[in-house]
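Observations on the three-dimensional arrangement
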Amino acid sequence: ETGVTQTPRHLVMGMTNKKSLKCEQHLGHNAMYWYKQSAKKPLELMFVYSLEERVENNSVPSRFSPECPNSSHLFLHLHTLQPEDSALYLCASSQDLGGTNTGELFFGEGSRLTVL
Amino acid sequence: GQQVMQIPQYQHVQEGEDFTTYCNSSTTLSNIQWYKQRPGGHPVFLIQLVKSGEVKKQKRLTFQFGEAKKNSSLHITATQTTDVGTYFCAGPLPGNTPLVFGKGTRLSVIA
């Protein structure tokens, strides 16, 4: 139990579906992250939120849409995905963002996404 | 942009042999962190190094931070099958920015 909970753990969706991944942290952290992990790019940062504001969007296609309604919750909305988007999506949180203040990242167990 | 390079990408060792993975940054890092991801699992924080030349030990694991704070290493003595997994280093870019992860070293241990 890392204090970061992701649901669902597994998701299979067609290219025309709309689905969402959910992440919840119980650690009182100020920063939350979405990472994509695949064989080609082991830990690819997608989005970062600090104090509920998006601070980084690493050229992620618009078919991925993040949402951070409060400091404990983070969503990744998925729409019209491609088969190459199949990967493990990891959520993480840290006390703060940047430098030595970041502290360790606590990762959730991930959501394994398969796009057919 | 700044990158954190990690080598080797893969390492296969016989149980009992030592293992080392290396991490190099193009710029000086304020700190470096190491994570381990078991097969089928998620990355788990191992340690953070902050000081130039710092060395920390966790049982059979020895972590070093270079004098120039641009490189780091993780050394495992006498590997065991429980050491199997991917080891990632990560360091922050200057300023208020997220950690940059290396591509990881996948360790296989043959019993």
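Up top is the structure these notes are about.
All values derive from a computational prediction rather than experimental measurement.

This brings us to the state of the cysteines. Chemically, a disulfide is nothing more than a covalent bond linking the sulfur atoms of two cysteines. Evaluated as defined, the whole model comprises 2 disulfides over all chains. Two residues, Cys-23 of chain A and Cys-91 of chain A, share a disulfide whose sulfurs are 1.9 Å apart. With the S-S dihedral at roughly -75°, the linkage between Cys-23 of chain A and Cys-91 of chain A falls on the left-handed side. Of the two residues, Cys-23 of chain A sits in strand E3 (residues 18-25) while Cys-91 of chain A sits in strand E9 (residues 87-94), which places them 68 residues apart along the sequence. The class of Cys-23 of chain A is buried, set by a relative accessible area of 0%. Through a disulfide, Cys-23 of chain B is tied to Cys-89 of chain B; the S-S separation comes to 2.0 Å. One disulfide, between Cys-23 of chain B and Cys-89 of chain B, carries an S-S torsion of 75° and so falls in the right-handed class. Highlighted residues: Cys-23 of chain B in strand E3 (residues 19-25) and Cys-89 of chain B in strand E9 (residues 85-92), separated in sequence by 66 residues. Residue classification places Cys-23 of chain B among the buried residues on the basis of a relative accessible area of 1%. On the basis of relative accessibility, which here comes to 0%, the residue Cys-89 of chain B falls in the buried class. Its sulfur unpaired, Cys-68 of chain A is 9.2 Å from the next cysteine sulfur, which belongs to Cys-91 of chain A. According to the relative accessible area criterion, Cys-68 of chain A is buried, its value standing at 12%.

Here we take up the sheet that holds strand E7 (residues 64-70) of chain A. All names here are of chain A. One open sheet accounts for 4 strands, arranged E1-E3-E8-E7; its pairing is antiparallel. Among the strands making up the open sheet, the edge pair consists of strand E1 (4-7) and E7. Strand-to-strand twist of the sheet, defined as the mean angle between neighbouring strand axes without regard to direction, takes the value 20°. Bridge count between E1 and E3: 4 bridges; the pairing is antiparallel. Among the inter-strand pairings, Gln-6 is bridged to a residue of E3, identified as Cys-23.

Okay, the interface of chain B and chain A next. In this assembly, 20 residues from chain B lie in contact with 22 residues from chain A. Buried area between chain B and chain A, summed over both chains or domains, comes out near 1600 Å², and the portion from carbon and sulfur atoms is 62%. Considering only the surface of chain B that becomes buried against chain A, His-42, Pro-98 and Phe-101 of chain B emerge as the three largest contributors, covering 31% of it. The interface formed by chain B and chain A holds 0 salt bridges in total. Taken together, the connections running from chain B to chain A amount to 3 residue pairs in polar contact (both at pLDDT 80 or more). Among the elements of the structure, strand E4 (32-37), strand E5 (44-49), E9 and strand E10 (99-101) of chain B are those that each provide at least two residues to the side of chain B that touches chain A. Top contributing element to the side of chain B that touches chain A by residue count: E4 of chain B, with 3 residues. Considered class by class, the residues forming the side of chain B that touches chain A number 9 nonpolar, 10 polar and 1 charged.

It is worth spelling out the packing of aromatic side chains at this point. Here the structure, examined in full by the defined rule, presents 10 aromatic pairs over all chains. Note on Tyr-35 of chain A and Phe-101 of chain B: the rings are 5.6 Å apart at their centroids and 85° apart in plane angle, and the pair reads as edge-to-face. Of this pair, Tyr-35 of chain A sits in strand E4 (residues 31-37) while Phe-101 of chain B sits in strand E10, on two different chains. On the basis of relative accessible area, Tyr-35 of chain A is assigned to the buried category, the value being 1%.

It is worth spelling out the pairing of strand E8 (residues 71-76) of chain B at this point. Residue and element names in this part refer to chain B. Pairing of E3 with E8 involves 6 bridges; the strand directions are antiparallel. The residue of E8 that forms the bridge with Phe-19 is Ile-76. What sits between strand E7 (residues 61-65) and E8 in their antiparallel hairpin is a turn of 5 residues, with Lys-69 showing a positive phi close to 60°.

So, how was this worked out
Residues numbered from 1 in each chain as written. Chains lettered and ligands numbered in written order. Predicted model: local features only at pLDDT ≥ 70, side-chain atom pairs only at ≥ 80, totals over all residues. Heavy atoms only, no water. Disulfide = S-S within 2.5 Å. Helix = DSSP H or I, 4+ residues; strand = E, 2+ residues; numbered from the N terminus. Buried < 20%, exposed > 50% of the residue type's maximum accessible area, 1.4 Å probe, protein only. Pairing = 2+ DSSP bridges. Axes fitted to C-alpha atoms, helices over the stretch in contact; angles between N-to-C directions. Contact = heavy atoms within 4.5 Å. Buried area = accessible area lost by both parts, 1.4 Å probe. Salt bridge = Lys/Arg side-chain N within 4 Å of Asp/Glu carboxyl O. Polar contact = N/O pair within 3.5 Å; in protein donor to acceptor, adjacent residues only side chain to side chain. Nonpolar A, V, L, I, M, F, W, Y, C, P; charged D, E, K, R; others polar. Phe/Tyr/Trp six-rings, centres within 6.5 Å; stacked < 30°, edge-to-face > 60°.

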